[in-house]
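Understanding the architecture of this molecule
Single-letter residue listing:
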Amino acid sequence: MKPIYRYFVQPQLDGKTKTVFGYELLIKELTPEGWRLPESFTAIDPQVISDLLLETTRILGIKVQYCSVNISREQLIDTTVAKAIIQSQKQLYPAKLVVELTEEKGPECYPDTKLIPHLRKFIEYGMQISLDDVGTGINDFKSIQELLPLASELKFALQNFRTGLKDPKIQQKLHFWHAISEEYGLRMILEGIEDSDDAKMSKDFNISLRQGYYYGKPKLLRLPGDPVDFGF
């Protein structure tokens, strides 16, 4: 039996206007225990991602200003996935497709010099680039410095840090990346906001664009033909 994948949709909120400005697409796999994150995103057949992305963005096209999709470096290089991303932007227009470049490691290591031409091509088609999980793993400043001029957005993920926003070290990291976003003129999204304390502190940091369970959990986006009890 072939694995079943679907995208879940999570809102991104502008705290100043109290409105949803975009949605992030999060791919999940149907298991006997319910919908779960895949063990490896890069292991998913590129054609499966391509077909699913096209079906999903066809539904979302009239509903959003921004629609974000996570892409690993491995998937970015893949021609099948790249073509689907370009076609998805055409379907979403005038909404912008935001390609979130994740830090997930694949079988090969791709230097930024190899990624840049692919990212430039996406930009030429009207898309935007987001650098996900900044300050985590391989996404330190030195590693992504060459990509910053191509980016429109940075995402700082609180869920990657066990101690949360109350930790002075995490606050220092956030201050740094907020300053980088202002220096390069980029949107800054603070994700992983779980409760009112996180929301208040993000306001204190003057970060208006936010994402997390406090504002809305990812919801299954059903496709035409899906059974009613699909999300059991």
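Residues numbered from 1 in each chain as written. Predicted model: local features only at pLDDT ≥ 70, side-chain atom pairs only at ≥ 80, totals over all residues. Heavy atoms only, no water.

The protein carries the name EAL domain-containing protein in an unreviewed UniProt entry, which gives Companilactobacillus zhachilii as its organism.

A closer look at the overall build of the protein
Selection criterion: Counting from the N terminus, the helices are the DSSP runs of H or I reaching at least four residues and the strands are the DSSP runs of E reaching at least two. Based on C-alpha atoms, the radius of gyration is set beside the globule rule, defined as 2.2 Å times the residue count to the power 0.38. Exposure classes here rest on a 1.4 Å probe applied to the protein chains alone. A residue is buried below 20% of its type maximum, exposed above 50%, and partly exposed in between. Pairs of residues are marked as contacts when any of their non-hydrogen atoms sit within 4.5 Å. Here the open area of atoms and residues is found with the Shrake-Rupley method and a 1.4 Å probe, where only the protein chains shown may cover a residue. A residue counts as positive if it is Lys or Arg and as negative if it is Asp or Glu; His and the chain ends are not included. For the purpose of locating charges, the reference atoms are NZ of Lys, CZ of Arg, CG of Asp and CD of Glu.
Counting its secondary structure elements, the protein contains seven helices and 10 strands. Against the compact-globule benchmark of 17 Å for 232 residues, the protein has a radius of gyration of 17 Å, which places it among compact chains. Projected onto its principal axes, the C-alpha coordinates of the protein cover approximately 50 × 40 × 35 Å. Per-residue burial for the protein yields a buried fraction of 53% across its 232 residues. Put simply, of all contacts in the protein between residues at least 6 apart along the chain, 69% involve residues at least 24 apart. Within the structure as shown, the protein displays about 12,000 Å² of accessible surface, and the carbon and sulfur contribution to it stands at 52%. Computing the positive centroid from 29 side-chain charges and the negative centroid from 32, the protein places the two 4 Å apart.

As for the nonpolar core
Note that soluble globular proteins tend to have their nonpolar side chains buried in a common cluster. To keep it simple, the criterion reads: Nonpolar cores are built from buried Ala, Val, Leu, Ile, Met, Phe, Trp, Tyr and Cys residues. Side-chain atoms within 4.5 Å join them into one set.
I85, F122, L131, L154 and F156 are the most contacted members of the largest nonpolar core, which has 58 residues in total. Of all the elements, helix α3 (residues 79-92) adds the most residues to this core, at five residues. The contacts of F156, once residues within four sequence positions are left out, are V134, F161, I170, K173, L174, W177, M188, I189, L190 and E191. With five residues, the next largest nonpolar core counts F21, Y66, V98 and I189 among its residues.

What to know about the packing of helix α1 (residues 46-60) against α3
Going by this rule: As a rule, the C-alpha atoms of each element are fitted with a line to give its axis, helices using only the stretch in contact, and angles between N-to-C directions run from 0 to 180 degrees. Each angle gets one of four labels, with under 35 degrees taken as roughly parallel, over 145 as roughly antiparallel, 65 to 115 as roughly perpendicular, and the rest as oblique. All residues other than Ala, Val, Leu, Ile, Met, Phe, Trp, Tyr, Cys, Pro, Asp, Glu, Lys and Arg, Gly among them, are scored as polar; the first ten of these are nonpolar and the last four charged.
Orientation of α1 relative to α3, taken along the N-to-C sense of each, is 5°, at an axis distance of 9 Å. Relative to α3, the element α1 is oriented roughly parallel. Counted together, P46, Q47, S50, L53, L54, T57, R58 and L60 of α1 and T80, V81, A84, I85, Q87, S88, Q91 and L92 of α3 form the full contact between these two elements. Residue classes in the contact of α1 with α3 are distributed as eight nonpolar, seven polar and one charged.

Description of the side chain of R187
Defined as follows: The definition of a polar contact used here is a pair of N or O atoms within 3.5 Å, where within protein one atom must be able to donate a hydrogen and the other to accept one, and adjacent residues in sequence count solely through side-chain atom pairs.
Relative to the assigned elements, R187 resides in strand β8 (residues 187-191). Separated by 2.8 Å, the side chains of R187 and Q128 make a polar contact. Not counting residues within four places of it along the chain, the set of residues in contact with R187 comprises Y66, V98, Q128, S152, E153, L154 and L209.

Focus: the pairing of strand β1 (residues 5-14)
In summary, the side chains of a regular strand alternate between the two faces of the sheet. For clarity, the threshold we go by: For two strands to be treated as a pair, DSSP must find no fewer than two bridges joining them.
In terms of burial, β1 is a largely internal element, 10 of the 10 residues being buried. Taking every second residue as pointing to the same face, both faces of β1 are buried, with Y5, Y7, V9, P11 and L13 on one and R6, F8, Q10, Q12 and D14 on the other. Bridge count between β1 and strand β2 (residues 19-31): 10 bridges; the pairing is antiparallel. If you follow L13 over to β2, its bridge partner there is V20. In this structure, the hairpin formed by β1 and β2 is closed by a connection of four residues, where K18 is found at a positive phi of approximately 60°. For β1 and strand β10 (residues 219-220), the ladder comprises two bridges, and the chain directions are antiparallel. Its bridge partner being in β10, V9 is matched across the sheet by K219. Where β1 meets strand β9 (residues 209-211), two bridges bridge the pair, whose relative direction is antiparallel.

Section: helix α6 (residues 168-184)
Formally: Given the number of residues in a helix, its expected span is that number minus one, multiplied by 1.5 Å.
For α6, spanning 17 residues, the distance from its first C-alpha to its last is 24 Å, which sits close to the expected 24 Å at 1.5 Å a residue. On its buried side, α6 packs onto α5 (141-144), β7 (153-157) and β8. Backbone geometry just after α6 places G185 at a positive phi near 70°.

Description of the pattern of salt bridges
Spelled out, the test is: Salt bridges are counted wherever a side-chain nitrogen of Lys or Arg sits within 4 Å of a carboxyl oxygen of Asp or Glu.
Across all of its chains, the model carries seven salt bridges by this definition. Here K155 and E24 are joined by a salt bridge, their closest N and O atoms 2.9 Å apart. Placement of the pair is K155 in strand β7 and E24 in strand β2, with a sequence separation of 131 residues.

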